[in-house]
Amino acid sequence: MTTDTTSLSRGLRSRHIRFIALGSAIGTGLFYGSSESIQAAGPGVLLAYLLGGAAVFLVLRSLGELAVSSPSAGSFGEYASKYLGPLAGFTTGWTFAFEMIIVCLADVTALGVYMGFWFPDVPRWIWLLAAVVIIGVFNLFSVKVFGELEFWLSLAKIVAIVAMILAGVAILVFGIGSEGNSAGISNLWEHGGFFPHGAHGFIMSFAVVMFAFGGTEIIGVTAGEAQNPEKTIPSAINSIPLRIVLFYVLTLAVIMSLDPWRNIDSSGSPFVEIFASVGLKSAAAVLNVVVIVAALSAINSDIFAAGRMMYGMAQRGEAPKIMRRLSGNGVPWMTVVIMMTALLLGVVLNYLMPERVFLIISSIATFATVWVWLMILLTHFKARRNLSSEEAAALKYPAPFWPYGQIITIAFMVGVFVVLGIYESTRVALVVGAVWLALLSAVYFLWLRPRLTGSGPGSGALSGLAKDPDAGSGSAEAKAASPSGS
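Residues numbered from 1 in each chain as written. Predicted model: local features only at pLDDT ≥ 70, side-chain atom pairs only at ≥ 80, totals over all residues. Heavy atoms only, no water.

Asker: So what exactly am I meant to see when it comes to the overall build of the protein here?
Answerer: The secondary structure content of the protein amounts to 21 helices and 2 strands. Within the protein, buried positions represent 59% of all 486 residues. Roughly 17900 Å² of accessible area belongs to the protein as shown, and the carbon and sulfur atoms make up 68% of that amount. (Helix = DSSP H or I, 4+ residues; strand = E, 2+ residues; numbered from the N terminus. Buried < 20%, exposed > 50% of the residue type's maximum accessible area, 1.4 Å probe, protein only. Areas by Shrake-Rupley, 256 points an atom, 1.4 Å probe, with all protein chains shown as cover.)

Shown next as structure tokens:
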């Protein structure tokens, strides 16, 4: 049984929020995409992850300020509509949904690569199809079931990463299993130096580094179903710097110390290949299980986030009204079905061109991700400038380093777009991104705007779009959660 109700179930607790964010941030970008960034920058990629992580932290703190003030399933799409205008909100919301679809395609692609460790003769697309069906079914259950599933999947990743770091340190210190191999911390500055490809390689690595952090903005989307957004959102965001250091910088430092960076390629997960290369086959097999869990976890989080964003947009009349329909468990089931259908494209792509698909997908995902982050920063900048000094002082979770930190981060995001355009291997992302934004703008001006403003043919019936009387002022669940309704 489905309904057109406008109330999501607030079933996500603090630990759910925290681990949903982990599920999106710790996935293909770290376990598989890191091999591309290592090849581009060598050990210098560690600095790239630190700088990229600092920029993302400021993005999330800016989003956190908005989300705590006005928690909503529409999140940054809704905030962009309110402060930058309906076109900005429309393009931001749909670009985030597009980002989640593309990131999911990258995740399912990596999943097929991981399964090839055990079953090299089985076509990738078979594993992809199975994963899409299983994860999609789980997302049709209540949000509490989803939260529990993501909690345990992410917990498994964290435990495994910590264990891998400890095992790597043991190999480096005691030489366990490393006979005849060149394991040693000196690998970080030998073999061409810390920046073996100079500034060129270091800058190029950001195209993949920023992809790795994609999805962390899911924290803002969960606010619409968080039991206590004022507590859970800040708790999740504040833990991000530690995650960046532990799960990216420290992990990759251990990986590149165990084996020279030149030996790491994209034929599989570098986590699995490194332990196999030092003779620990059983550890490699265990880590392969972990990276498979990581991919499933990331897919799970991305389906959730894209669905909630599309639901919030349907609430504001920016998406077909069928996306507002909720199951008896309070889940927007149609958005889950749409995501599953889109992911079938990944099955087709991996059938047609399994060797080239990941780099193309990841670069396009980077464009969509950075665009969403840029819009979050611009939205926050406009929102904060609209506040009086008394209102700014009363904020419950203000973003730090205002306004210079936000200005520098905006410039950084623009720089990432420049990087995507400079290199031929990633230039396709700008082409696809420009076409995507042009299509969204055309849809808005030719189809959506006349209907939302009540002008043009078919404005009364809205031709399948849901006209929300509260559009632009926040969704129903946001108003219920926010005393001010702002």
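Picking up where we left off.
Asker: Explain helix H3 (residues 34-41) to me, please; I cannot follow it from the model alone.
Answerer: Each full turn of the α-helix corresponds to 3.6 residues, which orients residues three or four apart in the same direction. In terms of burial, H3 is largely enclosed, as 6 of its 8 residues are buried. When H3 is considered as a whole, its buried residues turn out to be Ser34, Ser35, Ser37, Ile38, Ala40 and Ala41. Phi turns positive, to about 65 degrees, at Gly42, one or two residues after H3.

Asker: Is there a simple way to explain helix H5 (residues 75-84) in this structure?
Answerer: A large share of H5 lies buried, amounting to 7 of its 10 residues. All buried positions along H5 are accounted for by Ser75, Phe76, Gly77, Glu78, Tyr79, Ala80 and Ser81. In the segment just after H5, Gly85 is the residue with positive phi, at about 115 degrees.

Asker: Even after reading the chapter, I still don't get the pattern of salt bridges, so can you show me in this structure?
Answerer: Side-chain pairing between opposite charges can occur once the charged atoms of the two side chains come close. All chains considered together, the criterion is met by 1 salt bridge. With a closest N to O distance of 2.6 Å, Glu65 and Arg384 form a salt bridge. Taken as a pair, Glu65 in helix H4 (residues 45-69) and Arg384 in helix H17 (residues 357-385) lie far apart in primary sequence, 319 residues in all. Residue Glu65 shares its accessibility class with Arg384, and that shared class is buried. (Salt bridge = Lys/Arg side-chain N within 4 Å of Asp/Glu carboxyl O.)

Asker: Would you explain the environment of Phe117 in this entry?
Answerer: Examined against the element boundaries, Phe117 turns out to sit in the loop between helix H6 (86-115) and helix H7 (124-138). A sequence separation of 155 residues divides Phe117 from Val272, and the C-alpha atoms of the two residues are 8.9 Å apart. Setting aside residues up to four positions removed in sequence, Phe117 forms contacts with Val272, Ala284, Ala285 and Asn288. (Contact = heavy atoms within 4.5 Å.)

Asker: Would you mind showing me how to read the packing of H4 against helix H19 (residues 404-422) here?
Answerer: Between two packed helices, both the angle of their axes relative to each other and the distance between the axes serve to describe the pair. Where H4 meets H19, the closest approach of the two axes is 10 Å, and the angle between their N-to-C directions is 120 degrees. If you check the angle between H4 and H19, you find them oblique. Along this stretch, H4 crosses H19, giving a crossing that reads as left-handed. Note on element contacts: H19 touches H4 through Gly405, Gln406, Thr409, Phe412 and Met413, opposite Gly52, Ala55, Leu58, Val59 and Ser62. Among the residues forming the contact of H4 with H19, the class breakdown is 5 nonpolar, 5 polar and no charged. (Axes fitted to C-alpha atoms, helices over the stretch in contact; angles between N-to-C directions. Parallel < 35°, antiparallel > 145°, perpendicular 65-115°, else oblique. Left-handed = near helix turned anticlockwise from the far one by under 90°. Nonpolar A, V, L, I, M, F, W, Y, C, P; charged D, E, K, R; others polar.)

Asker: What am I meant to see in unusual backbone geometry here?
Answerer: Note: most peptide bonds trans; most residues except glycine with negative phi. For the bond from Trp402 to Pro403, the omega torsion is -5 degrees, close enough to zero to count as cis. Mapped onto the fold, Pro403 is located in the loop between helix H18 (389-393) and H19. A positive phi is found at His191, a non-glycine position, where the angle reads about 60 degrees. Locating His191 in the fold gives a position in the loop between helix H8 (143-174) and helix H9 (198-204).

Asker: How should I be thinking about the confidence of the model for the protein in this particular structure?
Answerer: Detailed reading of the predicted coordinates is not advisable wherever pLDDT falls low. On average, residues of the protein score 77 in pLDDT, and 77% of them reach the 70 mark or higher. When pLDDT is averaged over each element of the protein, H19 comes out on top at 93 and helix H21 (residues 476-481) at the bottom at 36. In the model, residues 1-6 has pLDDT below 50 throughout and makes 18 contacts with residues more than four positions away in sequence or in other chains. In this model residues 456-486 is a low-confidence stretch, pLDDT under 50, and it forms 66 contacts with partners more than four residues away in sequence or in other chains. (pLDDT = per-residue confidence, 0-100.)

Asker: What should I look at first to understand the environment of Ala392 in this one?
Answerer: You can see Ala392 is positioned in helix H18. Non-local contacts of Ala392, meaning those with residues more than four positions away in its chain, are made with Arg384 and Leu387.

Asker: Where do I start with a nonpolar patch on the surface in this structure?
Answerer: Taken together, the side chains of Phe117, Trp118, Phe119, Val122, Trp125, Ile126, Leu129, Val133, Val137, Val289 and Leu344 present a nonpolar region at the surface, about 850 Å² in accessible area. Element by element, the count of residues in the nonpolar patch is highest for H7, at 5 residues. Tracing the sequence through the fold places Val122 in the loop between H6 and H7. (Patch = residues over 30% accessible without salt bridge, like charges linked within 9 Å, V, L, I, M, F, W, Y side chains within 5 Å.)

Asker: Mind showing me how you'd approach the packing of H6 against H7 here?
Answerer: Packing of H6 against H7 leaves a shortest axis separation of 8 Å and a crossing angle of 125 degrees. On the basis of their axis angle, the class for H6 and H7 is oblique. For the element pair H6 and H7, the recorded crossing hand is right-handed. Within the contact between the two elements, H6 uses Val108, Thr109, Leu111, Gly112, Val113 and Met115 and H7 uses Arg124, Trp127, Leu128, Ala131 and Val132.

Asker: So what exactly am I meant to see when it comes to the side chain of Ser37 here?
Answerer: Note on placement: Ser37 falls in helix H3. Residue Ser37 is classed as buried on the basis of its relative accessible area of 0%. Within the structure, the side chain of Ser37 is placed 3.2 Å from the side chain of Tyr49, a separation counted as a polar contact. Beyond its immediate sequence surroundings of up to four residues, Ser37 is in contact with Gly42, Val45, Tyr49, Ser205, Val208 and Val209. (Polar contact = N/O pair within 3.5 Å; in protein donor to acceptor, adjacent residues only side chain to side chain.)

Asker: Help me out: how do you make sense of the packing of aromatic side chains in this one?
Answerer: Pairs of aromatic rings are described using the distance from one ring centre to the other and the angle between the two planes. Enumeration according to the criterion identifies 14 aromatic pairs in this entry. Judged by centre distance (4.3 Å) and plane angle (15 degrees), the rings of Phe98 and Trp436 are stacked. Of this pair, Phe98 sits in helix H6 while Trp436 sits in helix H20 (residues 427-452), placing them 338 residues apart in sequence. When its relative accessible area of 15% is taken as the criterion, Phe98 is described as buried. Ring centres 5.2 Å apart and planes at 50 degrees place the aromatic pair Phe367 and Phe417 in the tilted group. Of this pair, Phe367 sits in helix H17 while Phe417 is found in helix H19, placing the two residues 50 residues apart along the sequence. Side by side, Phe367 and Phe417 carry an identical accessibility label, which is buried. These aromatic residues form a ring-pair network of at least three members: Phe194, Phe195, Phe202, Phe206 and Phe412. Geometry around Trp402 places Arg384 over its ring, the cationic atom sitting 5.1 Å from the centre. (Phe/Tyr/Trp six-rings, centres within 6.5 Å; stacked < 30°, edge-to-face > 60°. Lys NZ or Arg CZ within 6 Å of the ring centre and 35° of its normal.)

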